Amino acid sequence: MKKPKTIALLMPLLLLIGALTPYFAHAGYEYIGADNDAYVDMNKAQTNYGGAEYIYINATCNGLIHFAVDFIPSGAVVTSATLNLYFKEVEHGGSIYVYRITKSWWEGSVKWSNQPPHETSATASATVAAGDVGWVTWDVTAEVQEFVSGAKKNFGWKLITDDGNVTVRTKEQSSNCPTLEVAFRSIESCDAEGNEKDIFQLTDDVWATGEGFEASTSYPIYVVSDAAWTDGMHIPDSVSGTISTVYTEENGVIMRQTPVWNHPLTPGKYDIVIDVNSNGVYDSGIDVLDDNDIQVTAGFFVIPEYAFGALISLAACFAAFAVFKSRLNLLHPKLC
Ligand SMILES: [Ca+2]
Ligand SMILES: [Ca+2]
Ligand SMILES: [Ca+2]
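About the cut-offs
Residues numbered from 1 in each chain as written. Chains lettered and ligands numbered in written order. Predicted model: local features only at pLDDT ≥ 70, side-chain atom pairs only at ≥ 80, totals over all residues. Pairing = 2+ DSSP bridges. Helix = DSSP H or I, 4+ residues; strand = E, 2+ residues; numbered from the N terminus. Contact = placed C-beta atoms within 7 Å. Axes fitted to C-alpha atoms, helices over the stretch in contact; angles between N-to-C directions. Buried ≥ 20, exposed ≤ 12 C-beta atoms within 10 Å, placed from the backbone. pLDDT = per-residue confidence, 0-100.

**A short note on the pairing of strand β19 (residues 300-303)**
The pairing of strand β13 (residues 199-201) with β19 spans three bridges and is parallel. Bridge assignment links Gln 201 to a residue of β19, and that residue is Ile 303. Pairing analysis gives three bridges linking strand β17 (residues 268-274) to β19, with the strands arranged antiparallel. Following the sheet pairing, Gly 268 is matched in β19 by Val 302.

**A look at the environment of Trp 261**
Secondary-structure assignment places Trp 261 in the loop between β16 (245-247) and β17. A sequence separation of 56 residues divides Trp 261 from Asp 205, and the C-alpha atoms of the two residues are 5.9 Å apart. Other than its neighbours up to four places away in sequence, Trp 261 contacts Asp 205, Val 206, Val 223, Val 239, Gly 241 and Thr 242.

**Considering the sheet that holds strand β8 (residues 124-128)**
Ordered in space as β3-β5-β10-β7-β8, the five strands form an open sheet in which the pairing is antiparallel. For this open sheet the edge positions go to β3 (36-41) and β8, each flanked by a neighbour on one side alone. Neighbour-to-neighbour, the strand axes of this sheet turn through a mean angle of 20°, independent of strand direction. In this structure, β3 lies alongside strand β5 (residues 61-66), joined through six bridges in antiparallel fashion. Each residue of the ladder has a partner; that of Asn 36, found in β5, is His 66.

**Side note on the environment of Val 281**
Checked against the element boundaries, Val 281 lands in the loop between β17 and β18 (288-290). When sequence neighbours within four positions are dropped, the list of residues in contact with Val 281 reads Gly 232, Met 233, His 234 and Ile 235.

**Considering helix α2 (residues 141-149)**
Among all positions of α2, only Glu 143, Val 144, Gln 145, Phe 147 and Val 148 are buried. Contact partners of the buried residues in α2: β6 (77-92), β7 (94-100) and β12 (179-190). Of the residues trailing α2, Gly 150 is marked for its positive phi of about 90°.

**Quick notes on the confidence of the model for the chain**
Overall, the prediction assigns the chain a mean pLDDT of 88, with 83% of residues at 70 or greater. Counting interchain partners and residues more than four positions distant, the pLDDT-below-50 stretch residues 1-26 has 57 contacts. Considering only residues more than four positions removed or in separate chains, one finds that residues 330-336, a stretch of pLDDT under 50, has zero contacts.

**With respect to the pairing of β5**
Counting buried residues in β5 gives six out of six residues, a clear majority hidden from the surface. Burial along β5 is two-sided: the residues Cys 61, Gly 63 and Ile 65 and Asn 62, Leu 64 and His 66 are all buried. Taken together, the three bridges between β5 and strand β10 (residues 157-161) define a ladder with antiparallel strand orientation. From the neighbouring strand, Ile 65 faces β10, where its bridge partner is Trp 157.

**Overview of the environment of Ala 228**
Relative to the assigned elements, Ala 228 resides in the loop between β15 (218-225) and β16. Residue classification places Ala 228 among the exposed residues on the basis of 9 C-beta atoms within 10 Å. Note: C-alpha distance between Ala 228 and Ala 298 (70 residues apart in sequence) is 9.0 Å.

**Re unusual backbone geometry**
The peptide bond linking His 263 to Pro 264 adopts the cis configuration, its omega dihedral lying at 5°. Relative to the helices and strands, Pro 264 resides in the loop between β16 and β17. Although it is not a glycine, Ser 216 sits at a positive phi angle of roughly 45°. Topologically, Ser 216 is positioned in the loop between β14 (207-211) and β15. Positive phi is not limited to glycine here, since Asn 292 has a value of about 60°. On the secondary structure map, Asn 292 appears in the loop between β18 and β19. C-beta crowding within 10 Å serves as the criterion here: with 19 such atoms nearby, Asn 292 is assigned to the partly exposed category.

Below, the structure written as structure tokens:
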């Protein structure tokens with residue numbers, strides 16, 4: 001069982017971030033504030049506490065919390081993820097378990113009577129003693145990796161105890177709010193300015209952006225035809241005309257000195273992989289992918305020019321139809 005880490009003087013940054021921003025970008029290392037938190041009370045089964053300033057966790061109350069991690073690319077490697085909650089009071093010591101929630105919920109409507117179900121096995125636990133005040137942490141790395149890869153859906157976590165009685169600060173507070181501290185490595189196709197881009201024309205250059213790597217290091221990069229990646233498979237040959245090495249800045253961000261693929265491009269679906277341990281093999285949990293962004297399984301898509309024109313025309317048709325439909329609805333509103 002994991003012992004709690006009560007952090008008396010965590011970085012001042014952490015104290016501020018939760019309430020101020022959804023997350024704080026720092027080269028593959030981010031503090032994310034909760035976007036939903038609440039508690040539910042067995043003795044007040046019809047009452048919602050989504051706007052409360054405290055979560056109570058005890059024999060009759062469960063906590064619920066959710067953090068959005070969608071901004072992390074699906075092919076990223078999560079190297080650590082820690083749930084941090086500030087315990088304002090521990091009236092009675094005990095173990096506080098974190099369980100993954102398995103259905104959607106919203107802090108504005110959740111109550112004991114409609115609380116979502118959770119998995120039967122706990123993701124992590126922490127033990128606190130009576131009188132402990134301060135930060136308590138849970139290691140949720142493996143599960144956040146599953147959220148990012150899509151292996152599990154992220155409906156957040158439920159906080160449950162059998163023997164404890166604790167009070168936790170919520171995102172409604174101005175400081176010491178809940179945070180999810182995530183470190184990850186990622187690689188993404190992008191334009192020359194570093195903006196993520198997944199559809200390229202034949203005359204475009206393909207660039208790549210990535211973060212969370214070792215400082216000032218070189219890594220093998222492969223731009224390959226769209227593949228289904230399995231742990232231990234040999235990395236397929238790179239597409240002709242693509243670069244084979246990338247370098248990182250002092251902060252572990254991939255340098256954008258040159259495109260990874262200069263135009264003219266060849267139409268098709270592609271993935272990018274950084275072979276972090278330089279062994280020519282795709283190692284799940286170590287190497288990072290640009291994968292599953294477009295055309296279902298590709299990291300990026302190079303589209304023939306005639307198809308690009310057709311795509312634009314199709315998009316214009318959809319937009320015109322949407323405007324037409326909304327005007328029609330205004331003229332003939334539906335009766336409820
Ligand atoms: Ca793929
Ligand atoms: Ca490898
Ligand atoms: Ca991509």
